[in-house]
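Working through the structure, step by step
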Amino acid sequence: MKAQVLLPKVFNFPFTYKSKIQIKTGDLVEVPFGSKKEIGVIWKNNYSEPGNLKIKEIIQKTEYSLDKKFIDFIEWFSSYNMVPIGLVLKMAIGGVDKFIKIKDSFFNVRISKIKKFKLNNEQLVALKYLEKNNNKFDVSVLQGTTGSGKTLVYFERIKKIIEKNKQALVLLPEIFLTNDFKSRFEEFFGFEPAVWHSKITPKQKRVIWKGLFNNRIKILVGARSALLLPFQKLGIIIVDEEHDQSFKQDEGITYNARDMAIVRASFENIPINLITAVPSVETYENIKKGKYGLSRL
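Residues numbered from 1 in each chain as written. Predicted model: local features only at pLDDT ≥ 70, side-chain atom pairs only at ≥ 80, totals over all residues. Heavy atoms only, no water.

Quick look at the overall build of the protein
- When its secondary structure is counted, the protein shows eight helices and 14 strands.
- Against the 2.2 N^0.38 benchmark of 19 Å for 297 residues, the protein shows a C-alpha radius of gyration of 20 Å, consistent with a compact globule.
- Looking at the 297 residues of the protein, the share that counts as buried comes to 53%.
- Of all intrachain contacts in the protein linking residues separated by at least 6 positions in sequence, the fraction that spans at least 24 positions is 76%.
- Here the protein has roughly 15000 Å² of accessible surface; of this, 52% comes from carbon and sulfur atoms.
- Side chains of the protein give 49 positive and 31 negative charges; the mean places of these two sets differ by 5 Å. (Helix = DSSP H or I, 4+ residues; strand = E, 2+ residues; numbered from the N terminus. Rg over C-alpha atoms; globule rule 2.2 N^0.38 Å. Buried < 20%, exposed > 50% of the residue type's maximum accessible area, 1.4 Å probe, protein only. Contact = heavy atoms within 4.5 Å. Areas by Shrake-Rupley, 256 points an atom, 1.4 Å probe, with all protein chains shown as cover. Lys, Arg positive; Asp, Glu negative; His and termini not counted. Charge placed at Lys NZ, Arg CZ, Asp CG, Glu CD.)

Below you can see the structure in the form of structure tokens.
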């Protein structure tokens, strides 16, 4: 049988290969490409293939597979931002050829006793408001001045989500991925967060990538690029400091991570919370139009 395989490169189309093994859309496979071997993804069969070409054969199937919702999001992301679909895939699985035989595993090692936090009445009201749509797509904004306890409210929200064996993504501007945030996280959850940004090592990326795939990582805190990682049971997205201009990437593949996070939440059919002291102009306009809910501290 024949299959379309998308490679994480500059191409805007998948390549046709023969397969003797049972495969499905989303499976990561190893294929010959030129004189090398590459890892690609079995893609949808909606691309025409040129005739009279010698078709190579898929070498092997890996243990990993992307789900349909993530594939649909990658296609939408490519079309909306006018980026070759292969480059978007590269953001999602770049360097995966080095991940396939990885033996490292991520463990949320408990490093401290959980500090007990008690929400005040205002925070409890805000939490209840955010939780009104737990199992479907919904955009809600939590606005509050610095020190009002916004982080504690969404930590409580996340805690309830991961207790259902789901995953949570917290997007932060890279400048806010500080030791202060890490300390507050550890005090609340009792373990170190998995952190994804441009400065982490290739080994850390491999460990996190695999940890998300096997659902060992329940909470990922990351900068823009964390949005295009292969979560298996994503249950909520938090965009902290949603007004921050650094969510807009202006070099290479240009996109607004806050807006793309909202779209991914839509594809996943999960809630997304935008956290801010002063909403961005776009968010304020959507609040006025009734598209986004709003709770204030």
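Having put the structure on the table, let's press on.
Topic: the side chain of Glu 268
- Mapped onto the secondary structure, Glu 268 falls in helix α7 (residues 257-268).
- Leave out the neighbours within four places in its chain, and Glu 268 touches Lys 69 and Leu 234.

Remarks on the packing of aromatic side chains
- Applying the stated criterion across every chain yields a total of 22 aromatic pairs.
- Ring centres 5.8 Å apart and planes at 85° place the aromatic pair Phe 155 and Phe 185 in the edge-to-face group. Taken together, the positions of Phe 155 in helix α4 (residues 150-162) and Phe 185 in helix α5 (residues 179-189) put the pair 30 residues apart, joining distant regions of the chain. Each member of the pair, Phe 155 as well as Phe 185, is classed as buried.
- Centre to centre, the rings of Phe 188 and Phe 189 are 4.8 Å apart; their planes meet at 70°, and the pair counts as edge-to-face. We note that Phe 188, like Phe 189, is buried.
- An aromatic cluster is built from Phe 117, Tyr 154, Phe 155, Phe 181, Phe 185, Phe 188, Phe 189 and Phe 191, whose rings are joined through pairwise contacts.
- Over the ring of Tyr 129 we find Lys 132; its NZ or CZ atom is 4.0 Å from the centre of that ring. (Phe/Tyr/Trp six-rings, centres within 6.5 Å; stacked < 30°, edge-to-face > 60°. Lys NZ or Arg CZ within 6 Å of the ring centre and 35° of its normal.)

Quick word on the side chain of His 197
- Relative to the elements of secondary structure, His 197 occurs in the loop between β8 (194-196) and α6 (202-213).
- A polar side-chain atom of His 197 sits 3.0 Å from the main-chain amide nitrogen of Lys 199.
- Leave out the neighbours within four places in its chain, and His 197 touches Glu 174, Leu 177, Lys 205 and Ala 223. (Polar contact = N/O pair within 3.5 Å; in protein donor to acceptor, adjacent residues only side chain to side chain.)

Considerations on the sheet that holds strand β2 (residues 15-18)
- Strand order in this open sheet of five strands is β2-β1-β4-β3-β5, and the pairing throughout is antiparallel. Each edge of the open sheet is held by one strand with a lone partner, namely β2 and β5 (60-65). This sheet shows a mean twist of 50° between the axes of neighbouring strands, independent of strand direction.
- As defined by bridge partners, strand β1 (residues 2-6) adjoins strand β4 (residues 36-43) across three bridges and the pair is classed as antiparallel. Residue Leu 6 lies in a different strand from β4, and its bridge partner there is Val 41.
- Along the sheet, helix α2 (residues 85-93) contacts β1 and β4; its crossing angle with β4, the most-contacted strand, is approximately 100°. (Pairing = 2+ DSSP bridges. Axes fitted to C-alpha atoms, helices over the stretch in contact; angles between N-to-C directions.)

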